[in-house]
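# Descriptive structure summary
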Amino acid sequence: MIEIKTTRLVLRHIEPTYKQSLIDLLGDESVASMMSNVPFPYKETDADWWIGAVKTKPYALNIFSKDELIGGVALTEQDTKIFELGYWIGKLYWGNGYATEACLGILKYIRNIETDAQVFAKVYPNNMVSKKILVKLGFIEDGTDVSIDISSKEQILCERYALKLSQLHLFKTLEQN
């Protein structure tokens, strides 16, 4: 089982004891509305599914601060050495740099395994904070893409950002912030 430690966070698979925290954090519409793959409202059955599903997804991790669930971060392999990055932070924890720190942690981890991998992320056009995080990590805008919203079943036009892990050049700068 993977466990990644950063300066302030631990990234690891979620355990059933955190189910209610998961429901509470993803049950906030301001969090769920920025993610196409999270149903809203987020129910107990959704949490049960996620807790079971991560057992087969090595890079689908949750973010913990002082043993408290605060978010999630994942790399999903879409093709050989091509990963999609996704992340979320509970609203109570916004504005503390946790998303940047968690993303950097998982990107550094996968870079040690797949040095020539590529990573992309899809962002809703109105999600300015996520765009800022990706740019800070060294991602560049790479056109548009479409996501299917799991709740509405609608196609959502997204902006796509891409990064070659060999070009992840901000380790020292980000770790000092």
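As a starting point, this report considers the structure included with it. (Residues numbered from 1 in each chain as written. Predicted model: local features only at pLDDT ≥ 70, side-chain atom pairs only at ≥ 80, totals over all residues. Heavy atoms only, no water.)

## Notes on the overall build of the chain
We apply this condition: The way it works is that DSSP assigns letters per residue, a run of H or I at least four long becomes a helix, a run of E at least two long becomes a strand, and they are numbered from the N terminus. Using C-alpha atoms as the atom set, the radius of gyration is obtained and then compared with a globule rule of 2.2 Å times the number of residues to the power 0.38. When a residue's accessible area, from a 1.4 Å probe over protein chains only, is under 20% of the maximum for its type it is buried; when over 50% it is exposed; and in between it is partly exposed.
Regarding its fold elements, the chain presents six helices and eight strands. When the helices and strands of the chain are placed in sequence order, the string is β-β-α-α-α-β-β-β-α-β-α-β-β-α. At 15 Å, the chain has a C-alpha radius of gyration in line with the 16 Å of a compact globule built from 177 residues. The principal-axis extent of the C-alpha atoms belonging to the chain is close to 40 × 35 × 30 Å. Within the chain, buried positions represent 49% of all 177 residues.

## With respect to unusual backbone geometry
For the bond running from Phe40 to Pro41, omega is 0 degrees, close enough to zero to count as cis. Here Pro41 is to be found in the loop between α2 (29–32) and α3 (44–53). In this model, Lys66 sits at a positive phi of 50 degrees, which is unusual for a non-glycine residue. Here Lys66 shows up in the loop between β3 (60–65) and β4 (68–79). Given a relative accessible area of 81%, Lys66 falls into the exposed group. Despite not being glycine, Lys81 has its phi angle at roughly 60 degrees, a positive value. Tracing the backbone through its elements, the reader meets Lys81 in the loop between β4 and β5 (82–89).

## Quick notes on the environment of Ser166
We count it as follows: Two residues qualify as a contact provided that any one of their heavy atoms is within 4.5 Å of a heavy atom in the partner residue.
On the secondary structure map, Ser166 appears in the loop between β8 (155–164) and α6 (171–176). On a C-alpha basis, the gap between Ser166 and Asp116 in space is 5.8 Å, while along the polypeptide they are 50 residues apart. Beyond its immediate chain neighbours, meaning those up to four positions away, Ser166 contacts Arg111 and Thr115.

## Some remarks on the packing of aromatic side chains
Inclusion rule: Between 30 and 60 degrees the pair is tilted, below 30 it is stacked and above 60 it is edge-to-face, where a pair is any two Phe, Tyr or Trp rings, Trp via its six-membered ring, whose centres lie within 6.5 Å. Only Lys NZ and Arg CZ are tested; either one counts as a charge over a ring when it is within 6 Å of the ring centre and within 35 degrees of the ring normal.
Throughout the structure, instances matching the rule amount to four aromatic pairs. Judged by centre distance (6.2 Å) and plane angle (40 degrees), the rings of Trp49 and Trp50 are tilted. With centroids separated by 6.2 Å and ring planes inclined at 75 degrees, the aromatic side chains of Tyr59 and Phe83 adopt a geometry described as edge-to-face. Of this pair, Tyr59 sits in the loop between α3 and β3 while Phe83 sits in strand β5, and the two are 24 residues apart along the sequence. Through a chain of ring-to-ring contacts, the aromatic side chains of Tyr59, Phe83 and Tyr109 assemble into a single cluster. Above the plane of the ring of Phe64 lies Arg12, whose end atom (NZ or CZ) is 3.8 Å from the centre.

## Considering the sheet that holds β5
Heads up, the condition is: Between any two strands, at least two bridges found by DSSP are needed for them to pair. For helices, the fitted axis covers only the stretch in contact; all axes are lines through C-alpha atoms, and the angles between them, taken along N-to-C directions, range from 0 to 180 degrees.
Pairing is mixed in the open sheet, where eight strands are placed in the order β1-β2-β3-β4-β5-β6-β8-β7. The sheet is open, and its two edges are formed by β1 (3–5) and β7 (140–148), each paired on a single side. On average, each strand axis in the sheet is tilted by 30 degrees relative to the strand beside it, whichever way the strands run. Inspection of the sheet shows β5 paired to strand β6 (residues 118–123) by three bridges, in the parallel sense. Considered in β6, the bridge of Ile82 is made with Gln118. In this fold helix α4 (residues 98–113) packs onto β1, β2 (10–12), β3, β4, β5, β6 and β8, with an angle of close to 40 degrees to the strand it touches most, β4. Contacts from helix α5 (residues 128–137) reach β5, β6 and β8, with the element oriented near 15 degrees to β8.

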